Amino acid sequence: NIFFREIVDPVDLVVLCDRSKTYFSERKFLVFELEENSVDGVLSIGAFASKAEMPPNSKILGQVMLVQIPWLPSMQKKKSGFMEEDEYF
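Residues numbered from 1 in each chain as written. Predicted model: local features only at pLDDT ≥ 70, side-chain atom pairs only at ≥ 80, totals over all residues. Heavy atoms only, no water.

K.L.:
Summarise the pairing of strand E2 (residues 30-34); cite the residues concerned and give the values.
P.N.:
For E2, the buried fraction is high: 5 of the 5 residues fall into the buried class. The side-chain alternation of E2 yields two buried faces, one formed by Leu30, Phe32 and Leu34 and the other by Val31 and Glu33. The sheet contact formed by E2 and strand E3 (residues 44-46) spans 3 bridges and is antiparallel. Paired with Phe32 across the bridge in E3 is Ser44. Of the pairings in the sheet, the one linking E2 to strand E4 (residues 58-68) comprises 5 bridges and is antiparallel in character. Residue pairing for E4: Leu30 is matched across the bridge by Gln63. (Buried < 20%, exposed > 50% of the residue type's maximum accessible area, 1.4 Å probe, protein only. Helix = DSSP H or I, 4+ residues; strand = E, 2+ residues; numbered from the N terminus. Pairing = 2+ DSSP bridges.)

Set out below in C-alpha cells:
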C-alpha cells in the first residue's frame, strides 16, 4: 500500500475538458462557473450524485476527461524495511 502525505501547497494541474458536454451528468467531474465568480474568471471542478447537489446559479462549462498531476516529493514511497519490497516496488 502506498500512502501519500497530505499536500498543503497549491499544485498546478493540467485538466482536459470536453466543452461540448455542457449538461449535467451524474458522478462525472464537471467544470462549472458560479454566477458570482463569473467576473473574476474563477472556475470550479466538482462531481455530484444529483443535479440538486450542484451549487445554485452555476453554469456548466464542460466535463473533465483527463487530469495530469505532476510528480511531487510527497508521493515518494517510504522504505518498508524489506529489501525485496523496496527493490522492486
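K.L.:
Just give me the short version of the side chain of Gln63, but keep the residues and values in it.
P.N.:
Turning to its location among the elements, Gln63 is positioned in strand E4. The exposure class of Gln63 is buried, given its relative accessible area of 7%.

K.L.:
Describe the nonpolar core, and please don't skip the residues or the numbers.
P.N.:
The biggest cluster of nonpolar side chains holds 6 residues, and these are Leu30, Phe32, Leu34, Phe48, Met54 and Ile60. If one sorts the elements of this core by residue count, E2 sits on top with 3 residues. Apart from the residues lying within four places of it in its own chain, the contact partners of Phe32 are Leu43, Ser44, Ile45, Gly46, Phe48, Met54, Pro55, Ser58, Lys59, Ile60 and Leu61. (Core = buried A, V, L, I, M, F, W, Y, C linked by side-chain atoms within 4.5 Å. Contact = heavy atoms within 4.5 Å.)

K.L.:
Go over unusual backbone geometry with me, naming the residues and quoting the values.
P.N.:
Backbone phi values are negative for most residues with the exception of glycine, while trans is the configuration of most peptide bonds. For Arg27, which is not glycine, the phi dihedral falls at a positive 55 degrees. Position of Arg27 relative to the elements: it lies in the loop between strand E1 (14-18) and E2. A positive phi angle, near 60 degrees, is found at Asn57, a position not held by glycine. Relative to the helices and strands, Asn57 is located in the loop between E3 and E4.

K.L.:
Talk me through the environment of Lys21; I want residue IDs and the actual numbers.
P.N.:
Its place among the elements puts Lys21 in the loop between E1 and E2. Considered as a pair, Lys21 and Leu61 are 40 residues apart in the sequence and their alpha carbons are 7.6 Å apart. Ignoring sequence-local partners within four residues, the contact set of Lys21 consists of Ile60, Gly62, Gln63 and Met65.

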